[in-house]
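Observations on the model geometry
Each chain, written out:
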Amino acid sequence: MPDTQRQQVGSRGQCSSCLLPLVLILLSLATQPSQAAINIPPNFKRPPVIKTQPESVTVFSTEDFVMNCEASGNPSPIFRWAKDGEDFDPGSDPELKVSESSGSFAFYTLSNTMDTLNKYKGKYVCYASNELGTAVSNEAILNTDVPPSQQKDKKVDETADEGKSFILKCNPPHSSMEPIIHWMDLRLRHIELSKRVMVGKDGNLYFANLESSDSRDDYTCNVQYLATRTILAKEPTSLKVTQSNSVLRNRRPQMMRPTGHHSTYHALRGQTLELECIVEGLPTPEVSWMRRDGELSETRTTKDMFDRRLRFTNISESDGGEYQCIAENSQGNTKHIYMLTVEAAPYWIKEPVSQLYAPGETVRLDCQADGIPSPIISWTINGVPISGVDKDPRRTLTASGSLILEDVNFGDTAIYQCRASNKHGTILTNTNVYVIELPPQILTDDGNTYAYTEGQKALLECETFGGIAYSIVCWQIFLLIHSKKLVSALYCLLSSADRTVILSPPQALKVRAGERAIFTCLGLVDPRLDPPFIQWRKNNQKLADSNSDEKYTMEGPDLKITNVQPDDEGVYTCEIITKLDVAEARGTLTLWDRPDPPILLQISDPKDRTVTLSWTPGDDHNGPVTEYVVEFEDHRSNESVWKMLARVSGNKERAVLSLWPFMSYRFRIIAINDVGKSDPSKPSGIYNTLAEAPDNNPKDVKSESIEPNTLVISWKKMNKTEVHGPGFKYCVQWRQAVGGGPDWHEKNVTEPPFRVDNVGNFSAYEIKVQAFNEIGRGPEPDTVIGYSGEDVPLEAPMDVGVEIINSTTIKVTWAPIDKDTYLICRRAQELESTVVVKTEPNEKKKVISDLRPFSNYTLKVTVYNIKGEGPFSEALPFETPEGVPGPPLTLTLDSPSETEMTLHWTPPGQPNGVLIGYLLQYQQSDDDSPMQVETIDDPTVTHITLKNLDHKSHYRFYLRGRTAAGDGVPTTMKGATMLDGVVPMNISLSVGENAVNFSWVPEKRRRNVGFQIQYRNKNDGNKWKTTEKVNSSQSFYQIQGLTPGSYYSFQFIYNNTTFFKTGIETEGTGVTEMQPSFATQGWFIGVVSAIGLLLLILLILCFIKRSKGGKYSVKDKEEGPMDSEARPMKDETFGEYSDLEEKRTASQPSLCEKSKLYSEDNLDFNGSSAMTTELNMDESLASQISRPSGGPEGFHGLPENAPLNPTTFSPATNGVPNSVTILD
């Protein structure tokens, strides 16, 4: 049924404004009350719900076989079953009877024998369906088992010595049920149990040490099975305890069950588990339990069976770890370590909720489960996996296992199953998604009267129902009656709108100081409403964007907090506000960091080998400590090394530590949380443990003797924690295994190895090594057999014989030797053909295979050991008989015609006898064709021609050599005859500038055909050129030396017949003829040459004239820059012109105009220096004249007003000086 929603008017939304803070009495205006009707359609339906799940059962009799499933729904659900994932119809099975009624379905067997039930074993699932969906039950497993029956046992008589340990076997019948064991006498009285006598979980009766009172002849094991309500009594066992005349020798404790030093147990969360520790010894040992990596749980653990059992009830993951059973008596102690691993079948953390939804809403089904290993979450719809239904973009799965359905419609009404599975099991939950649209209705009766006194708070109920979300708007009318009474009429109106849903709420964030935190708040709002406003609050105080420090930044659905500090911690609320409702969600921001180290370490409750270490936790900085690591340092050791001693759960503040004797301990603790490890705590005080005798002896005791006549005894050196006291040494004992007498030789040493001389070669010795110190000796060590060193064998094997088995195998025999042996077979004159076979000691025959037939061999046998080989036996020659030959070395095929094939071969490389001929077999490639045979009796023949072959078929050929021993290994070849050749077809080409490539695909099995290619250039009308002969089998030909940009014709010729023609144009640009030009005419070249010569003459005349006294004007000298090399150095005559301000003349002076700079007076004054200056000027001028005159760049080195600057020439000359310009 749809949920009925109740809310108080005035407590939400706009209704809060409906109640005014006035003192008033509310009276109903209606005089006659009326009943509000719930207008739900009469055919309203309900989805099926599983009420009774089918249960797993083990069937011991036909009456136990019942599978039942009950479900409710409207219409009544229809049931179906699946077995092992396949549809299963009980009604169609004649051996099953179905009981079906409204809401239930059961089936059971009609058979009276258990044999017929085996086929029904499996996993069953019940499906209940109606129009609204299909509900799925949990898996129910049906197993069958035979009830345990009485076994025919013989009465057993046992005898044992007093003081020894003993076990009486029960051997209960094998069954899937766990039996309950009762040891009783024939009068059905229970055997009295104690620390000395107890029953193991395997049903056996254990005696830690026997007493004379244990003798009796009616020990009876009674096995009880609760499921079948049966008790089976075994045959009585008689036990006679032989009394000892001497004083009983005490024994230190030893484990009886379990054996060894370590054992591993696995348990599932919630189960009950028992650890068992049954020990023997005299006197009877005391047993205690401890947890090596923490403390025993006081609520979930109890001790039973005289402390021999540690029982865990409702075990949890935190119980996993190391446990230790310690058994002690006056002679010593023994320990056993239990490694307990706790895993978990899946269990729910959060289950999705069944609910009604309106069309268009978004549905989020959260499904979270936990377990060890972590379970896998999967979804089904009406029992069908999501992967098996049509893909729908409105349906998404999140990484956390949630299923989101957007914009739901009536077709989304279904039952959704969430399934969590790991290797330990599967859990399943059904969730109803019911999409329905009903008009909103007010269910509160009309005309209700509410009477209140002044000062009271008035509450008016408004109960509603509907299949869609709605908001309530209240209207209030106030009437003043008798001028003192205020009467209010209240109306509740319902308007339809989808409620606002937050899909991704803010999470609980933990960050370190200085980091950035981001809260995200994603919501879904009815699209008919205006866009919502997102308001963020911190501790209920509104937040706004920070403009100065950018502490808070709000971007869309995100709130970003930078540089988080302690004052930023708090509760952050996201409010998505629409005009009709407000959806809010909260997240927390917490600073966390590595924990501080623990403090105040204290040592208490010291015992022989344990001590309790307690501490005070440091500040965890909001990161709960997950575990503590206890480390220790041996203060007596020269090395300051801290080693891990134990791990303790983070919720503990003390630990019982197991210690080693004769150690000087200092402890420290490191705390660990999800951020990291703390610094180590300050070390505790020093705690010294007392010295004790060693618990163990060294391991891996053995002989490592290599040298002859010596015995080297070695062992694994014991570590410091096993020393247990001062004066630690090893007692090494040895004696001959045979004939050495009862006495042991012994020697005390401080470290391995130990060497004994003069003990003979390869003699067997009993050896053992015992640890001891000043306090006492370790337990009695085990004895091992070791051998002294060996020497090289001195004798060769005797009675060597050879028996030929076949051409490649022989059997070698010899007199047995208790040493390893080599058999060496060597082929005559071929060292590489030597065969070496190794045998084991005391063998007397060996089969050697893979010899070469028809060969001469010699056989030698020698004895060897680690020191080397002994002498060889006398060489024994033998010859292997003839064998079948190896394959011919080569086989080639040649086809003279379309129906003939010639085979060529070379003889076998290994004939393995006298070759007498060959056997040729051949057949067509299809396997159905008959095999044809050609026998060649002449061994010198190396070829054969086969005729009348089918030219359409391929053949397989098998050629074998033959000797008197038979046919050899074949050489195989596959081939076919060659067909007549044809010219190429489908010729393709590729064109370049100077070449063209022709290519074609040669036809298979066709003989080679030679043809030629003719070509010519169409542009010049040349004659045809012909290529060399081209083979049709080469598939490619290139013609080079063509002219770019030309047209060519090609034709392929075979037997004077053209079979292919084509034309091409080569790539590139063709060579064109240059048109005549005046620049190439002879008369023009002569004129230009004459002008150049004239110019050269004029320049020479100019230089001569200037050298005879040609002068420039003083004005030109001042205004026109000169070459620095042409200036006189420190000429005082120039000083008189420095202040002159003569104006420049309008006309450009001639290059050869007289200059006052080079007047006769100056020349006389300067002497030779003036001559040098003039020469430099000439060289500079000549270099300027000789530069290219292609443009202004040719004169870039000249001053702007220089005589040769092109800008000073008249336009008529186009920048080229003529004779008029240069000469005055």
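No experiment lies behind these values; they were computed from the predicted model shown. (Residues numbered from 1 in each chain as written. Predicted model: local features only at pLDDT ≥ 70, side-chain atom pairs only at ≥ 80, totals over all residues. Heavy atoms only, no water.)

Quick word on the overall build of the protein
The number of helices and strands found in the protein is five helices and 89 strands. When each of the 1224 residues of the protein is scored for burial, the buried share is 40%. Long-range contacts, defined here as pairs at least 24 residues apart, represent 64% of the contacts in the protein between residues at least 6 apart. (Helix = DSSP H or I, 4+ residues; strand = E, 2+ residues; numbered from the N terminus. Buried < 20%, exposed > 50% of the residue type's maximum accessible area, 1.4 Å probe, protein only. Contact = heavy atoms within 4.5 Å.)

Description of the UniProt feature "transmembrane region" (unreviewed entry) in the protein
In the numbering adopted here, UniProt assigns the feature "transmembrane region" (unreviewed entry) to residues 1083-1104. Summarising residues 1083-1104: 100% helix, 0% strand, and an end-to-end C-alpha distance of 32 Å. (UniProt positions renumbered as here; feature names shortened; annotations may be inferred.)

Observations concerning the confidence of the model for the protein
Taken as a whole, the protein shows an average pLDDT of 80; of its residues, 80% reach a score of 70 or greater. Least confident of the elements in the protein is helix H5 (residues 1219-1222), whose mean pLDDT is 28; most confident is strand E16 (residues 205-207), at 96. Residue range residues 468-495 is modelled with pLDDT below 50. Its contacts to residues more than four positions away, or to other chains, number 77 contacts. Note that pLDDT drops below 50 for residues 1110-1224; the model gives that stretch 120 contacts with residues more than four away or on any other chain. (pLDDT = per-residue confidence, 0-100.)

Points about helix H1 (residues 1082-1107)
Across its 26 residues, H1 extends 39 Å between first and last C-alpha, which sits within 8% of the 38 Å expected from 1.5 Å per residue. When we look at burial in H1, the residues that qualify are Leu1098, Leu1099, Cys1102 and Arg1106. (Expected span 1.5 Å × (residues − 1).)

As for the sheet that holds strand E30 (residues 363-365)
Within the open sheet, the three strands sit side by side as E30-E35-E34. Their pairing is antiparallel. One side of each edge strand has no neighbouring strand; the edge strands of this open sheet are E30 and strand E34 (395-397). Averaged over all neighbouring strand pairs, the angle between strand axes comes to 15°, with direction disregarded. By the bridge criterion, three bridges tie E30 to strand E35 (residues 403-405) in an arrangement that is antiparallel. Across the sheet, Leu365 pairs through a bridge with Leu403, a residue of E35. (Pairing = 2+ DSSP bridges. Axes fitted to C-alpha atoms, helices over the stretch in contact; angles between N-to-C directions.)

A look at the environment of Lys155
Here Lys155 lies in the loop between strand E11 (140-144) and strand E12 (156-161). In this structure the C-alpha to C-alpha distance between Lys155 and Lys234, which are 79 residues apart in sequence, comes to 9.1 Å. Setting aside chain neighbours within four positions, we find Lys155 in contact with Asp217, Glu235, Pro236 and Ser238.

Observations regarding the packing of aromatic side chains
How two aromatic rings sit relative to each other is given by the distance of their centres and the angle of their planes. Applying the stated rule across the entire model yields 36 aromatic pairs. Following the ring pairs from residue to residue traces out a cluster consisting of Phe998, Trp1000, Phe1011, Tyr1015, Tyr1048, Phe1050, Phe1052, Phe1059 and Phe1060. For Lys768, the ring lying beneath its charged end belongs to Trp744, and the centroid distance is 4.3 Å. (Phe/Tyr/Trp six-rings, centres within 6.5 Å; stacked < 30°, edge-to-face > 60°. Lys NZ or Arg CZ within 6 Å of the ring centre and 35° of its normal.)

Overview of the environment of Asn806
Residue placement: Asn806 occurs in the loop between strand E66 (801-804) and strand E67 (810-813). A sequence separation of 43 residues divides Asn806 from Ser849, and the C-alpha atoms of the two residues are 9.3 Å apart. At 2.9 Å, the side chain of Asn806 and the backbone nitrogen of Thr808 are in polar contact. One polar contact links the side chain of Asn806 to the main-chain amide nitrogen of Thr809, over a distance of 2.8 Å. (Polar contact = N/O pair within 3.5 Å; in protein donor to acceptor, adjacent residues only side chain to side chain.)

Structural notes on the sheet that holds strand E44 (residues 517-520)
Taken together, three strands build an open sheet; the order of strands is E44-E49-E48 and the sheet is antiparallel. Single-partner strands in this sheet number two, and they are E44 and strand E48 (552-555). Shown here is a sheet whose adjacent strand axes are inclined to one another by a mean of 15°, direction ignored. Where E44 meets strand E49 (residues 558-561), four bridges bridge the pair, whose relative direction is antiparallel. Across the sheet, Phe519 pairs through a bridge with Leu559, a residue of E49.

Some thoughts on unusual backbone geometry
A negative phi angle is the norm for most residues apart from glycine, just as the trans form is the norm for most peptide bonds. Cis geometry marks the peptide bond from Asn74 to Pro75, where omega comes out at 0°. Residue position: Pro75 is located in the loop between strand E4 (66-74) and strand E5 (78-83). Geometrically, the link from Leu282 to Pro283 is a cis peptide bond, its omega value of 0° lying close to zero. Within the fold, Pro283 resides in the loop between strand E23 (278-282) and strand E24 (286-291). The backbone phi angle of Asp307 is positive, close to 70°, even though this residue is not glycine. As for its position among the elements, Asp307 is in the loop between strand E25 (301-304) and strand E26 (309-312). Since its relative accessible area comes to 33%, Asp307 is described here as partly exposed. The backbone of Phe662 shows a phi angle near 55°, a positive value even though the residue is not glycine. In this fold, Phe662 is placed in the loop between strand E56 (654-658) and strand E57 (664-672).

Comments concerning the state of the cysteines
Tallied over the full model, the rule gives five disulfides. In this model, Cys277 is linked to Cys325 through a disulfide, with the two sulfur atoms separated by 1.8 Å. Sign of the S-S torsion, about -60° for the bond between Cys277 and Cys325, identifies this disulfide as left-handed. Remark: Cys325 occurs in strand E27 (residues 321-329) and Cys277 occurs in the loop between strand E22 (273-276) and E23; sequence separation between them is 48 residues. With a relative accessible area of 0%, Cys277 lands in the buried category. At a sulfur-sulfur separation of 1.8 Å, the disulfide partner of Cys367 is Cys418. For the disulfide bridge between Cys367 and Cys418, the dihedral angle about the S-S bond is near -80°, and by the sign convention the bridge is left-handed. One end of the pair, Cys367, is in the loop between E30 and strand E31 (368-372); the other, Cys418, is in strand E36 (residues 414-422), with 51 residues separating them in the sequence. Overall, Cys367 belongs to the buried group, its relative accessible area being 0%. Note on Cys418: relative accessible area 0%, which makes it buried. (Disulfide = S-S within 2.5 Å.)

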